[in-house]
Structure formats: structure tokens, C-alpha cells
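# Residue-level structural notes
If you want the building blocks of each chain, they are given just below.
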Amino acid sequence: MLRPPSRQGEPERWAGPRAPSRPGGHACACPPGWGGARRPEVKGPGGSGALRLCRLVSPHGEQSLPWGFPSPPLPLTPSRRLAMSSVTGTVTIHQPLNYRAGARVQPADGGQAEDVYEPATGRVITKLLSSGEKEVDLAVQSAKAAFKIWSQMSGMERSRVLLEAARIIREQREEIATLETINNGKSIFEARVDIDISWQCLEYYAGLAGSLAGEHIQLPGGSFGYTRREPLGVCAGIGAWNYPFQVACWKAAPALACGNAMVFKPSPFTPLTVVRLAEIFTEAGVPKGLFNVVQGGAATGQFLCHHPDVAKISFTGSVPTGIKIMGMAAKGIKPVTLELGGKSPLIIFSDCALENAVNGALMANFLTQGEVCCNGTRVFVERKILDVFTKEVVKRTQKIKIGDPLLEDTRMGALINRPHLDRVQGFIKQAKEQGAEVLCGGDLYVPDDPKLKNGYYMQPCVLGNCTDDMTCVKEEIFGPVMSILPFDTEEEVVERANNTKFGLAGGVFTRDIQKAHRVVAALKAGMCFINNYNISPVELPFGGYKASGFGRENGRAAMEYYSQLKTVCVEMGDVESVF
Ligand SMILES: NC(=O)c1ccc[n+]([C@@H]2O[C@H](COP(=O)([O-])OP(=O)(O)OC[C@H]3O[C@@H](n4cnc5c(N)ncnc54)[C@H](O)[C@@H]3O)[C@@H](O)[C@H]2O)c1
Ligand SMILES: C[N+](C)(C)CCCC=O
């Protein structure tokens, strides 16, 4: 009997609330007809979106997957065996981390070696060789060759390959999630959700690949025009370190569905899992070279952005780097998607369902150790419920289980690295100096387990007595730090919520539906939530307003950013010349 690994003897259980029953009595989003005698035990909420895991164990106890899809027993492959036996502090990676023309390779040049850390222990897990100009060029040429084949295939043919890639990711979920946890520091619980969102993204765009179409336009005298949606060519993807595998899938899935090739550069802090994605694409049947990985930091990124054969840049990262990317794209007149940072507002009205609002505030601030672009870190609370809300948020924050991210019951792992941890600590120190009150957390956390002593842990922090002019309220901290801000009226809170250079996300908790829609309509942000926060159904477009960037990932909208429109004008009569 195969089961997902449980560590320290803990049974794998999702202790979250159950989803409301659907018609037919099934308590999750299982496909109709899946139930009866084979109905699985539901271990969590159903539905679509991050953390809406409907964790299932079939009557045979073999597997758990979200959304209620039954899955066959997994083969005990060597890599799955490795994942199941992986323990924090033991994994070292020796394989090459560049991927080109369908294989792992050492970079042809560059070669400057940098340490890559396991955040949970502070241990070096591999040495990263950065890619120079020659290696970047080889990767782009490899993508260019594969593009010729891939772009000529029909959408349905591409769809089949993407579906196969999604299937392989599902099959290898545990290995990929384990590697992500080891490299990023987030809890295995969350890493599994990230991997689930990733394969769903591939499935979603596989579904859209066959529908990429133009239109037919009637013209006088039987003449007509038509439009074709064509791929752009070789797209560059540049990723951040907080969602390494998921960010790569959010870019690769629509790009490949539209017929493009891609060269992807992950963050040098998290180079590992995207190479697995490249291998999976090859195994699924993409032409060799369609998806390549180059490694390194700013210099490698610049070679990629400036490369004349790169047709589009899709970037996820900070605002300062986004500005540089846009500059490089401007020089080459290349379209660009910018998914940048944020300082998003979460507005809690006094007529909210309090428990949901508290849950929402925790979801908006503490996923992935608070290192989430769209986090609702400015929590505006209507003064009437400020005390009761704050008390409950603090109580729940103090209960968050911090520690070894590979343990099943851990809900907060380690921050990405020492400099980032120091930076977050610096924001808290400054907040105190500016008059904020630390209501809980904020200190470094040292786990009892000796192997974790050098990891980058801190206690999640709630700040009270905050005002809009404090640095902690104005700047993106990118760590587990929530600022609570009282408000009195709807008009006032909307104005204060919008008083920021950022515009990535926003949320509102209220039982008043008119007020909810009125407020989100007034928020200057690309991704708004009503009565929830930080779920990410792949069907919904995601992206920012203002300094948080432009272009969209996910949803049908992303297809527009990975394709270009050609118009064809067809004359059915004779040419009337004016000459
Ligand atoms: N909007 C979103 O979808 C989203 C998602 C995740 C993270 N983010 C943002 O990312 C930031 C954190 O990520 P980060 O620290 O990795 O960001 P970063 O800007 O430091 O780096 C992002 C990527 O850009 C590369 N890079 C750096 N300088 C470059 C240059 N001059 N030319 C080309 N590439 C260059 C890095 O190596 C890395 O791969 C936060 O601000 C966060 O909000 C946004
Ligand atoms: C999956 N989340 C939680 C919506 C995060 C998206 C990527 C932002 O950092």
C-alpha cells in the first residue's frame, strides 16, 4: 500500500475545515459519479484554488490528490523512494543544473560558482554555475530550432503533450514538492499545493491550446479578411525564488500552449525544481530544446533579455529589477510581462464573519513565510471590531507551528536566506522605532532540533498601533509581518488602501454584498478577493496595476500575452489602382 510519506510517525491529515456539501451529498469537487462504494474519505475542503485541497485517500489508501480526482497507485520509482526518505539536512545535488536541447548540461561558459542553501539548515546543498553569454546563446538557439517544429503543430497536438506533462507532474508531486521545500524553505504542506497548482495550470492551457483562433471579417464584393493568432517565438522567462516551480509553470504553460519556445532563468537561490520541469517536458514529448534552463543572477538575465532572438520577456520579481527589465525590453522593442511586488490592502468591515476574516488575514500574510507578492499586509480593521479581531489574530498567529519544513505538521518553515531574514528583522526594528507595537512574534526562532540551528527562522509578527506613514506600512517587507490599521468609514479606507505606489492585490471581508462589490471596484489593484484571500485558481487572470506591473498570468487573458495577431486581407476581385 503506497501512501504519501508521513514523517515522525504523523499521519498525513489536513485538519482544515470541510467544504460545504454539493448537491448530491458529495462534500468535495469530485467528478460526478465518483462516489458510491468507492467514495473516498474526504480529508479537506474541495473546490478550486490554493489550499482548497480535497485530500483523498481511496478505499485502498493509495494516494491523495486535490479536487477529488482519483489517481492510480504511484510506482515506487527511485526518485519517489528518494523523496520518501528525504530528511531535512541530508540532500546534496551534484547533477548539472542547466538544461539545453533536451538534456542537463554544464554551462559552456560563465561558470562562476555560487553556493545554494537549504534554508531550513543553512547548509550548502549545491554549487550553482552561472551561465555566460555563450551558454545563453546556445540555449536560445536550441529553443529557436525547437520552435520551428512546435509552432507548426496544431493546438490539439500541443495540448496532448501538455496534458502528458501535467500527468507526470501529478505522478511526481511528492518528489518535486520535497525538492522545492528543501531549496525554498516553505512547508511541505504548502509545496504540495504549489505543485498541484502547477499541473492544473498545464492542464488548463492544454485545454485552451486547441481554441487559439482568429476571426473572419466580411468585406465588400466578396472580399474578406481574417486574423491569425500566432506565437511570438523564443520567450524568456525570469523567475523569483518564492514559488520557483509554480512561477515557471505559470509562464511556460501559456507560452507553450500558444506555440512558443522558452528559455527560463530561475532565481539563483532556487535553481533546482525548474530543471525537473524541463526534464518532464522532454519526457512528455516536446521537441528537444523547446524548454531550456539557464542559471545565474543579473548578468545571465541581462544576456537573455538583450539576446536578439528573444521575442518576449516575462518577468517575475521586484520593482527595481522590473524597471531594468522594461528598459532592456524597450531597447529591443520586445513585449514584456511584469509581475512585480506589492503592499496590498485587506479591508475587514465590522459586519464580516469574524472567523473567516481572521483566517483570511492569516492566509493573506503568512503563506510561504510571508514571502508572497500579493500578500495583504496592510490589514485595515473597522474600529468597532479592532480589539476582538486583533486579539483573535494574535492568538492564532502565536499558534502557527514553525520548524522543520519537511515535517507534516509544520505550517511555517524558514525564510529564503540570512540576508533576507536580516532585512525583515530590520523592518521590524524600524517599525518599533517609528512607534508600532509588536503584538506578537518578530523575534528569531531557534528550533530545538540541533540540525536546524543555523536555519533562517523567525516568529510570525503582528504589528499594532500602525499608521499609514510608517515604513512597515509603505514598503514591501516580503516576510511574515502583518500591520494592523484601524479605520472608521468606507470612503476613508478606500482612499487609504489606494494610497500606495503598488497595485497588485486587495481584499475585503463583509457580509454586505453591495459594499463588497463597491469597494473592490474602487480598489486600484489587479487581483481582488471578496471574503477570502490568496487562493489562486488557474482559471483567473493574475497581475498588477501601477508599479506592480502589467500583463497577466493565468486565465484566458495570458494567451494574449504569448501570441501576436496577424491580419490577412483577401481580395476576391480585380485591383483598382489609383495610378
Ligand atoms: N507579481 C508576482 O506575480 C510576483 C510573484 C513572485 C514574486 N514577486 C516579487 O518578486 C520579488 C522577490 O523576488 P526576487 O528577490 O527574486 O526579485 P529580484 O527582482 O531580485 O529577482 C527576480 C529575478 O530577476 C533576476 N534578475 C535580477 N537582476 C536582473 C537584471 N538586471 N536583469 C535580468 N534579470 C535580473 C534574478 O536573478 C531573479 O531571477 C518581490 O518583490 C515579490 O513581490 C512578484
Ligand atoms: C499562489 N499565490 C499565493 C497566490 C502566490 C502567487 C505568486 C506570488 O508571489
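This one's a predicted model, so the numbers in the text were calculated from it and none came from an experiment.

About the thresholds
- Residues numbered from 1 in each chain as written.
- Chains lettered and ligands numbered in written order.
- Predicted model: local features only at pLDDT ≥ 70, side-chain atom pairs only at ≥ 80, totals over all residues.
- Heavy atoms only, no water.
- Buried < 20%, exposed > 50% of the residue type's maximum accessible area, 1.4 Å probe, protein only.
- Helix = DSSP H or I, 4+ residues; strand = E, 2+ residues; numbered from the N terminus.
- Pairing = 2+ DSSP bridges.
- UniProt positions renumbered as here; feature names shortened; annotations may be inferred.
- Core = buried A, V, L, I, M, F, W, Y, C linked by side-chain atoms within 4.5 Å.
- Domains from an automatic or database assignment.
- Contact = heavy atoms within 4.5 Å.
- Near = heavy atom within 4 Å.
- Polar contact = N/O pair within 3.5 Å; in protein donor to acceptor, adjacent residues only side chain to side chain.
- Areas by Shrake-Rupley, 256 points an atom, 1.4 Å probe, with all protein chains shown as cover.
- Nonpolar A, V, L, I, M, F, W, Y, C, P; charged D, E, K, R; others polar.
- Axes fitted to C-alpha atoms, helices over the stretch in contact; angles between N-to-C directions.

### Description of the pairing of strand E18 (residues 481-487)
The buried fraction of E18 amounts to seven of the seven residues, a majority that puts the element mostly inside the structure. Taking every second residue as pointing to the same face, both faces of E18 are buried, with Val481, Ser483, Leu485 and Phe487 on one and Met482, Ile484 and Pro486 on the other. Of the pairings in the sheet, the one linking strand E15 (residues 378-382) to E18 comprises five bridges and is parallel in character. In the sheet register, Val379 faces E18, and the bridge partner there is Ile484.

### Details of the UniProt feature "domain: Aldehyde dehydrogenase" (unreviewed entry) in the chain
Taken from the UniProt record, the annotation "domain: Aldehyde dehydrogenase" (unreviewed entry) applies to residues 112-568. Overall, residues 112-568 shows 41% helix and 20% strand. The separation of its end C-alpha atoms is 49 Å.

### Overview of the nonpolar core
Membership of the largest hydrophobic core comes to 122 residues, with the highest contact counts inside it found for Ile169, Phe281, Phe291, Ile348 and Phe389. Counting residues per element, this core draws most heavily on helix H5 (residues 188-209), at 13 residues. Looking at this core, you find at least three residues from each of domain 1 (98-339) and domain 2 (345-536). Phe291 has contacts with Tyr99, Ala252, Met262, Phe264, Val274, Leu277, Ala278 and Phe281, leaving out every residue within four places of it along the chain. One finds Ile347, Leu415, Leu421 and Cys472 within the second-largest nonpolar core, a separate group that totals 30 residues.

### Notes on the site of ligand 1
Around ligand 1, the surrounding shell holds 29 residues, and the nearest of these are Gly239, Ser318, Thr321, Leu340 and Glu476. In this structure, Gln302 approaches ligand 1 through a side-chain N or O atom, which is 3.2 Å from a nitrogen atom. A distance of 2.5 Å separates an oxygen atom of ligand 1 from a polar side-chain atom of Glu476. Alone, ligand 1 offers 850 Å² of accessible surface; in the complex the protein occludes 89% of this. Elements with a minimum of two residues in the shell around ligand 1: helix H8 (298-306), strand E12 (310-316) and helix H9 (319-332). If you tally residues by element for the shell around ligand 1, the top one is H9, at four residues. Residues of the shell around ligand 1, tallied by class, amount to 14 nonpolar, eleven polar and four charged.

### Some points on the sheet that holds strand E16 (residues 437-440)
Taken in spatial order, the seven strands make up an open sheet running E16-E17-E18-E15-E14-E19-E20, and their pairing is mixed. The open sheet is flanked by E16 and strand E20 (527-530), the only strands paired with a single partner. Each neighbouring strand pair of the sheet contributes to a mean axis angle of 25 degrees, computed without reference to strand direction. Lying over the sheet, helix H15 (residues 513-522) contacts strand E14 (345-348), strand E19 (505-509) and E20, oriented at roughly 165 degrees with respect to E20.

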